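Breakdown of the fold
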Amino acid sequence: MPSERLDPVTLQVMLGGLRAACEEMGAVLIRAAHSANIKERHDCSTALFDANGEMVMQAEHIPVHLGSMPESVAAVIDKPQRPGEAWMLNDPYRGGTHLPDITLISPIFVRGALSGFAASRAHHADVGGPTPGGMPAGSTRLEEEGLVIPPTPAGNHELEEVASQMRSPRQRLADLRAQRAANRVGELRLTELAERHGLDQLRAGMAETLAYAERRARAALTELPDGTYEAADLMEDDAGGEPLDVCLRVAATVDGDRLVLDFSGTDPQVEGNLNCPLSVTKSAAYFAVRALTDPDAPASAGAYRPIEVRAPQGCLLNAQPPAAVAAGNVETSSRVADLVISALAGARPVPAQGQGTMNNLTLANQAFTYYETIGGGQGGCPDANGPSAVHVAMSNTLNTPVEALEAEFPLRVLQLSLRRGSGGAGLHPGGDGIVRELEALEPMRYTLITERRRHPPRGRDGGADGAPGRNLLNGEPLPSKCEGELAPGDRLRIETPGGGGYGEAPG
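All chains use their own residue numbering, which begins from 1 and follows the written sequence. Where local features are concerned, this predicted model is filtered to residues with pLDDT of at least 70; where side-chain atom pairs are given and counted, the filter is 80 or more; whole-chain, interface and lining totals use all residues. Just so you know, side-chain values use all the structure's heavy atoms and leave hydrogens and water out.

Some words on the overall build of the protein
Counting from the N terminus, the helices are the DSSP runs of H or I reaching at least four residues and the strands are the DSSP runs of E reaching at least two. Helix and strand content of the protein: 10 helices and 19 strands. Within these notes, the globule rule equals 2.2 Å times the number of residues to the 0.38 power, and the radius of gyration is based on C-alpha atoms. Taking 23 Å as the expected radius of gyration for a compact globule of 507 residues, we find that the protein reaches 22 Å, a close match to that expectation. Projected onto its principal axes, the C-alpha positions of the protein cover 65 × 55 × 40 Å. Each residue is placed in one exposure class: buried if its accessible area under a 1.4 Å probe, protein chains only, is under 20% of its type's maximum, exposed if it is over 50%, and partly exposed if it falls in between. Looking at the protein residue by residue over its 507 residues, the buried ones come to 61%. Any two residues having at least one pair of non-hydrogen atoms within 4.5 Å are treated as being in contact. Across the protein, the fraction of contacts at a sequence separation of at least 24, relative to all contacts at a separation of at least 6, is 73%.

Describing the packing of aromatic side chains
Any two rings among Phe, Tyr and Trp, with Trp reduced to its six-membered ring, count as a pair given centres within 6.5 Å; such a pair is stacked if its planes are under 30 degrees apart, edge-to-face if over 60, and tilted if neither. Taken as a whole and judged by the stated rule, the model has 3 aromatic pairs. For the pair Y286 and Y304, a centre-to-centre distance of 4.3 Å together with 5° between the ring planes defines the contact as stacked. Residue Y286 is found in helix α8 (residues 278–292), and its partner Y304 is found in the loop between α8 and β10 (307–310); the two are separated by 18 residues along the sequence. Residues Y286 and Y304 agree in their burial class; the two are buried. Look at F368 and F409: their rings are 5.5 Å apart centre to centre, the planes differ by 50°, and that puts the pair in the tilted class. A residue pair is termed long-range when its members are at least 10 positions apart, and F368 in the loop between β11 (360–364) and β12 (369–372) and F409 in the loop between α10 (402–408) and β13 (411–419) qualify at 41 residues. For F368, a relative accessible area of 7% puts it in the buried group.

Structural notes on the side chain of N365
Among the structural elements, N365 can be located in the loop between β11 and β12. Side-chain atoms alone can form a polar contact between residues adjacent in sequence; in general such a contact is a pair of N or O atoms within 3.5 Å, and within protein one must be able to donate a hydrogen while the other accepts it. Engagement of the side chain of N365 in a polar contact is seen with the side chain of E442, the distance being 3.1 Å. Not counting residues up to four positions away in its chain, the partners in contact with N365 are E442, P443 and M444.

Things to note about the pattern of salt bridges
Where side chains of opposite charge bring their charged atoms close, a pairing between them can arise. Only one rule defines a salt bridge in this text: a Lys or Arg side-chain nitrogen within 4 Å of an Asp or Glu carboxyl oxygen. Counted under the stated rule, the structure contains 34 salt bridges. Put simply, R335 and E451 hold a salt bridge, and the shortest N to O gap is 2.8 Å. Of this pair, R335 sits in helix α9 (residues 328–344) while E451 sits in the loop between β15 (444–449) and β16 (470–473), placing them 116 residues apart in sequence. For the residue pair R335 and E451, the accessibility class agrees, reading buried in each case.

A closer look at the sheet that holds strand β4 (residues 101–110)
Any two strands with at least two DSSP bridges between them are considered paired. Taken in spatial order, the 6 strands of this open sheet run β2-β1-β5-β4-β3-β6, and their pairing is antiparallel. Every other strand in the sheet has two partners, leaving β2 (55–58) and β6 (152–153) as the edge strands with one partner each. Summarising the sheet, strand β1 (residues 44–49) and strand β5 (residues 113–123) pair through 6 bridges and their orientation is antiparallel. Across the sheet, A47 pairs through a bridge with A119, a residue of β5.

Some details on the layout of surface pockets
If you roll a probe as big as a water molecule over the atoms, it shows you where there is empty space left. Both cavities and pockets are sets of points on a 1 Å grid over the protein atoms alone; in a cavity a 1.4 Å probe fits but cannot get out, in a pocket the set is open with protein on both sides within 12 Å along at least five of seven lines, and lining residues sit with an atom within 4 Å of a point. Grid points are joined across faces, edges and corners, and a volume is the space filled by probe spheres set on the points. The space that makes up the largest pocket amounts to roughly 840 Å³. In terms of lining, the largest pocket is formed by 43 residues, of which the most central are F287, A291, I341, V392 and A393. The set of elements that each furnish at least two residues to the lining of the largest pocket consists of α3 (63–66), α8 and α9. Ranked by the residues each element gives to the lining of the largest pocket, the list is headed by α8, at 6 residues. Here the nonpolar group is Ala, Val, Leu, Ile, Met, Phe, Trp, Tyr, Cys and Pro; Asp, Glu, Lys and Arg are the charged ones; every other residue, Gly included, is treated as polar. Its residues assigned to classes, the lining of the largest pocket shows 22 nonpolar, 16 polar and 5 charged.

A closer look at the sheet that holds strand β17 (residues 476–478)
Spatially, the 5 strands line up as an open sheet ordered β13-β14-β19-β16-β17, and their pairing is antiparallel. Of all the strands in the sheet, the pair left with one neighbour each is β13 and β17. Pairwise comparison of adjacent strand axes, ignoring direction, gives a mean angle of 20° for this sheet. With 5 bridges connecting them, strand β14 (residues 433–440) and strand β19 (residues 491–495) associate as antiparallel partners. Within β19, the residue paired with V435 across the bridge is E495. Working convention: axes come from line fits to C-alpha atoms, limited for helices to the stretch in contact. Angles between N-to-C directions cover 0 to 180 degrees.

Observations regarding α8
Look at α8: 21 Å from first C-alpha to last across 15 residues, which is about the 21 Å you get at 1.5 Å a residue. Summarising burial for α8: 11 of the 15 residues are buried, a large majority. Listing the buried residues of α8 in full gives S279, V280, T281, S283, A284, A285, Y286, A288, V289, R290 and L292. Residue count minus one, scaled by 1.5 Å, sets the expected span of a helix.

A closer look at the environment of G129
In this fold, G129 is placed in the loop between β5 and β6. A residue is classified by how much of its surface remains accessible, and G129, at 36% relative accessible area, is partly exposed. Distance in space between the C-alpha atoms of G129 and E144 is 6.4 Å, their sequence separation being 15 residues. Ignoring sequence-local partners within four residues, the contact set of G129 consists of G146 and R167.

So, the packing of helix α1 (residues 8–32) against helix α7 (residues 199–222)
One way to put it is that α1 packs onto α7 with a least axis distance of 10 Å and a crossing angle of 90°. Between α1 and α7, the interaxial angle falls into the category roughly perpendicular. In this structure, α1 uses T10, L11, Q12, M14, L15 and L18 to contact α7, whose residues at the interface are Q201, L202, G205, E208, T209 and Y212. For this classification, under 35 degrees means roughly parallel, over 145 means roughly antiparallel, 65 to 115 means roughly perpendicular, and everything else is oblique.

Let's talk about the environment of R203
Here R203 shows up in helix α7. Exposure remark for R203: the relative accessible area of 36% places this residue in the partly exposed category. C-alpha separation for the pair R203 and D50, spaced 153 residues apart in sequence, amounts to 7.9 Å.

The structure is reproduced here in structure tokens:
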């Protein structure tokens, strides 16, 4: 690491160059992808790493992808690195999140020296296995969720081989190639920075970016009062038909410029797929802390250095193989973020709870696979009403436009609207959820993985709870996690939760 810091002007120029490179990588991936989940919903992320595998900069994409992506780079960093070669993986126990999220990692060589890595992660519409989309409601083992890819070379032959084991292989291959193109852009831009500033200056800039983010994170933590703050929350493990609650617990200890998040007391990993690999738990925890402390600090791993995450092996938040994890990445991660925010409410003002779910929907038959998450209401804030009908927290994706959905898939959108009145009342009311009702035009299979159908998003400081979500098939209620068949004319309706209100309502 360089012994001298860069001057502030040079550092800001370097920060801007690294950030722009990551954003351009994301733009290339989105524009080159073929599947609606990437090109329309932007369910993908990009980042740059230094030669030691630390994340120097990320684009403002999907928090649950980015906080865990360093684990993916760590899984390949000790392997032989050669110019023009790349690696891919999706194994949640070796740096992945859940199986549909495939990560491509490309080493970057400048003047023959390994100078960093470009990485991209995208949620693919299918990943093989018995259930289309790789998001089964009732899986109990990882291999039931699709193709497990350990750290593997990502040459043309390997990409074609992987895609051939998935549904719609031509589309899968196109999306994988889009990721490779995004990584290539990252390599070009990092090389240009080295040519402009010199390789030594680039290395100094990357090291100082990490150090600067760390300094800002530590400064923000010192503004919180020392102490230990606790919170607990419940998740709905009802995929097997019997409604069960799973408890999550955290103790957040602020000690000067350090923060320890201890999830001891969380229930053991379950038979279903709410289980979370530790990398995903860390990702959600880092996001929540950054959002509450210094969200404008450089989006790099340096900001996470003052944070220690502890979770006992074998608990829901540090699941061990071969546990299923399809819902852990999407649903449990959302609740971990909520849990950390609730705990830190003892140290500073925080919003009421938002919808706390991604409302995952998969639809498929032999001809297509479609996956989406659906936004909802967010909690009222100490100084503002909660936003309505948005993706925030661990998702941060977009809604699939009605026109794109109906043009590409055998579906008719009967309703896409605000769920009026679903936000909790308060001095600052919670935001409203969404009503999404679809009609099947062909026979197809559906899978729903949702949360907060029995336990509503909680209000704060006297604010009312938000309305829990509802899933309905032809008007009949469905559990929070389920799958089944749709015949032509069947109507699937998802009503997403509203956010909790903040403060007592006037009058």
